[in-house]
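Reading the structure
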Amino acid sequence: MGTRKPGFSTLAIHAGAHPDPTTGARATPIYQTTSFVFNDTDHAASLFGLQTFGNIYTRIMNPTQAVLEERVAALEGGTAALAVASGHAAQFIVFHTIMRPGDNFVSARRLYGGSINQFGQSFKTFDWHVRWADTADPASFESQIDDRTKAVFIESLANPGGTFVDVAAIAEIAHRHGLPLIVDNTMATPYLLRPLEHGADIVVHSLTKFMGGHGNSMGGVIVDGGTFDWSASGKYPALSEPRPEYAGMVLHATFGNFAFAIACRVLGLRDFGPAISPFNAFQILTGIETLPLRMQRHCDNAAAVARWLKGHGKVSWVNYAGLDDDPNHALQQRYSPRGAGAVFTFGLKDGYESGKRFVEGLEMLSHLANIGDTRSLVIHPASTTHRQLTEEQQVAAGAGPDVVRLSIGIEDVADIIADVEQALAKA
Ligand SMILES: *Cc1c(COP(=O)(O)O)cnc(C)c1O
């Protein structure tokens, strides 16, 4: 492409991919193999010693997975990426690379319900401690930072409420304390918002959602922004101290601005093993080719449904950042002018029971625990995704008992509205 900088839609199709050198195959092949033949013993030794970069074993690296990694890194504007089996695996590996027993991190409270559990329950068993902050109040992050704090975590567009977060303000606080900002960009995708451009240092995704986009494959990814100095404070020994298993190599000194992605691969993925299958990597790559088209349609459909719901007599409120009078509208305009995403919540006047009848009355919309499918989806978070939480935690997470969450798909919007209309009539 010469010196031209390709646009987002071009990168979504071409970044990382080349015709297969052996067969000429134009689509990225599914390299369904566990292992790769070495040229000779010296080649094998240099691969194992990290002196040469190359394929050894699919738990650690695979050519289909590598195209997916390069593609997502390009779309997010990062230096490198690591694809893994799920969004939760990505989060686990990021924190494993950063945390030591007794450490803490500060996280926004408005998160995907599974992340609230992972951070608040399972991480405790490693003696890693989350401190919850008020998502809408950047100062509440700062007041919880102490000398054992290792990172700050937010979702750019928070699940399940669909609220935009002031990424730049929170990045500024993290950096003032020498900490990396980790952003879960699952709900926005890089089509709407690129957190690295607003000061984030690491981006994670559940590729299971809009990135893959078809509700058929689990995946996750870690994107290294290449901006954070892992050696300055001595707080990140996995990156700044010699690794005994790699002959005393210091990962940050050796790999520079993509050392974090390398550390996640050669420590976390190597030892815990949540590798993405080549088939899932292929499915997600195919999905990403149409990400710009799909996301725009998702946003346009969601805006139309939100506006329609807002005028309905049985609906008490609609939280959609794309509506002009929404309290979150200014942040949406600043961070994501192309649209406000596809996931939002609303409440029915008759509360819990009416919400249940509404969900059960839908015919085309599917009642299930996912977002970011081509199909329109609905769920009652309080009885499903956020059920493990106390009612207080549910309300804090934007998932109170009266809340219905929609993930609007890319069907004809008139059909989506017709289904919602007939189900509201029954509710
Ligand atoms: C689904 C989701 C996750 C977890 O991803 P999995 O692929 O299901 O492990 C994390 N964050 C957000 C915002 C999600 O929607």
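Per chain, the residues get numbers from 1 upward, laid out in the order the sequence is written. With the structure being a predicted model, the display of local features is reserved for residues of pLDDT at least 70 and the display and counting of side-chain atom pairs for 80 or more, all residues being used for whole-chain, interface and lining totals. Computation of side-chain values covers all heavy atoms of the structure but excludes hydrogens and water.

1. Structural notes on the site of the ligand
To be explicit about the condition: Whether a residue is near a molecule or strand depends on its heavy atoms: it is near if one of them lies within 4 Å of it. We define a polar contact as two N or O atoms separated by no more than 3.5 Å, with the added condition that, inside protein, one atom must be a possible hydrogen donor and the other a possible acceptor, whereas residues neighbouring each other in sequence contribute only through side-chain atom pairs. Here, Shrake-Rupley sampling with a 1.4 Å probe gives the accessible areas, and only protein chains in the shown set may cover a residue. Runs of E in the DSSP output that reach at least two residues are strands. Runs of H or I that reach at least four are helices, and both are numbered from the N terminus. Asp, Glu, Lys and Arg are counted as charged, while Ala, Val, Leu, Ile, Met, Phe, Trp, Tyr, Cys and Pro are counted as nonpolar; the rest, among them Gly, fall into the polar class.
For the ligand, the set of nearby residues contains 15 residues, the closest of which are Gly87, Asp184, Ser206, Thr208 and Lys209. Between the ligand and the protein, one listed contact pairs an oxygen atom with a side-chain N or O atom of Asn159 at 3.2 Å. Here a nitrogen atom of the ligand sits 2.6 Å away from a polar atom, N or O, in the side chain of Asp184. A total of 380 Å² of accessible area belongs to the ligand in isolation, and the protein chains cover 95% of it. When residues in the shell around the ligand are grouped by element, the largest group, three residues, is from helix H4 (residues 87-98). Taken together, the residues that form the shell around the ligand break down as three nonpolar, nine polar and three charged.

2. Structural notes on helix H17 (residues 413-426)
In plain terms, the rule: Here a helix's expected span is defined as the number of its residues, less one, multiplied by 1.5 Å. Burial here depends on accessible area, computed with a 1.4 Å probe over protein chains only, as a share of the maximum for the residue type. Under 20% is buried, over 50% is exposed, and the range in between is partly exposed. Arc, as used here, means the arc of the directions from the helix axis to the C-beta atoms. The contact definition used throughout considers only heavy atoms, calling two residues in contact when any of these lie within 4.5 Å.
Here H17 is 14 residues long and its end C-alpha atoms lie 20 Å apart, about the 20 Å a rise of 1.5 Å per residue gives. Burial in H17 covers these residues: Ile416, Ile417, Asp419, Val420, Ala423 and Leu424. Projected down its long axis, H17 shows its buried positions confined to an angular sector of 160°, all on one face. Away from the buried face of H17 by more than 90 degrees, exposed residues Ala414 and Ala425 are located. On the buried face of H17, the contacting elements are helix H13 (291-310), strand S10 (315-319), strand S11 (343-348) and helix H15 (351-361).

3. Details of the domain arrangement of the protein chain
In many analyses, interface size is given as the accessible surface area lost on bringing the parts together. Short version of the rule: Domains are outlined according to an automatic or database domain assignment. We define buried area as the total accessible area lost by two parts upon association, computed with a 1.4 Å probe and summed across both. Throughout this description, the term salt bridge denotes a Lys or Arg side-chain nitrogen within 4 Å of a carboxyl oxygen of Asp or Glu.
When its domains are assigned, the protein chain resolves into domain 1 (8-287) and domain 2 (291-426). When each unit is reduced to the centre of its C-alpha atoms, the spacing between domain 1 and domain 2 is 29 Å. In this complex, domain 1 contributes 37 residues to the contact, which on the side of domain 2 involves 39 residues. Each partner contributes to the roughly 3200 Å² buried at the junction of domain 1 and domain 2, and carbon and sulfur atoms together form 60% of this total. A per-residue breakdown of the area domain 1 buries against domain 2 is headed by Phe164, Tyr191 and Phe210, which together make up 25% of the total. The interface formed by domain 1 and domain 2 contains one salt bridge. Along the contact surface separating domain 1 from domain 2 lie 12 residue pairs in polar contact (both at pLDDT 80 or more).

4. Some words on the side chain of Asn104
Looking at where Asn104 falls in the secondary structure, it is placed in strand S2 (residues 104-108). There is a polar contact of 3.0 Å between the side chain of Asn104 and the side chain of Asp146. Residues in contact with Asn104, not counting those within four places in the same chain, are Met99, His129, Arg131, Asp146, Arg148, Thr149, Lys150 and Ala151.

5. Points about the sheet that holds strand S14 (residues 403-407)
For the record, the criterion: Whether two strands pair comes down to DSSP finding at least two bridges between them. With axes taken as lines fitted to C-alpha atoms, and helix axes fitted only over the stretch in contact, angles between N-to-C directions fall between 0 and 180 degrees.
The strand order S10-S11-S14-S13-S12 describes an open sheet built from five strands, whose pairing is mixed. Only two strands of the sheet have a single neighbouring strand rather than two, namely S10 and strand S12 (366-367). For S11 and S14, the ladder comprises five bridges, and the chain directions are antiparallel. When the bridges of S14 are listed, Val343 appears paired with Ser407. Packing against the sheet, H15 makes contact with S11, S12, strand S13 (377-379) and S14, and its axis sits at approximately 125° to S11.

6. Considerations on the packing of aromatic side chains
The line we're drawing: For Phe, Tyr and Trp, where Trp contributes only its six-membered ring, two rings pair if their centres lie within 6.5 Å, and the inter-plane angle classes them as stacked under 30 degrees, edge-to-face over 60, or tilted in between. Either the NZ atom of lysine or the CZ atom of arginine qualifies as a charge over a ring when it sits within 6 Å of the ring centre and within 35 degrees of the ring normal.
Scanning the model with the defined rule gives 22 aromatic pairs in all. An aromatic cluster is built from Phe92, Phe95, Phe105, Phe119, Phe123, Phe126, Trp128, Phe153 and Phe272, whose rings are joined through pairwise contacts. Above the ring of Tyr112, the side-chain terminus of Lys209 is found at 4.7 Å from the ring centroid.

7. Observations regarding the sheet that holds strand S7 (residues 181-184)
Picture the strands of a sheet paired through backbone hydrogen bonds; they go either parallel or antiparallel. Overall, mixed pairing links the seven strands, which are arranged S1-S9-S8-S7-S4-S2-S3 in an open sheet. Edge positions in the sheet fall to strand S1 (80-84) and strand S3 (129-133), since each has one partner strand and no second. Strand-to-strand twist in this sheet, taken as the mean axis angle between neighbours without regard to direction, amounts to 20°. Of the pairings in the sheet, the one linking S7 to strand S8 (residues 202-206) comprises three bridges and is parallel in character. The residue bridging Ile182 from the neighbouring strand is Ile202, located in S8. Strands in contact with H4 are S1, S2, strand S4 (149-155), S7, S8 and strand S9 (220-224); relative to S8, the strand with the most contacts, it is inclined by about 150°. This element, helix H11 (residues 259-272), spans S1, S8 and S9 of the sheet and lies at about 30° to S1.

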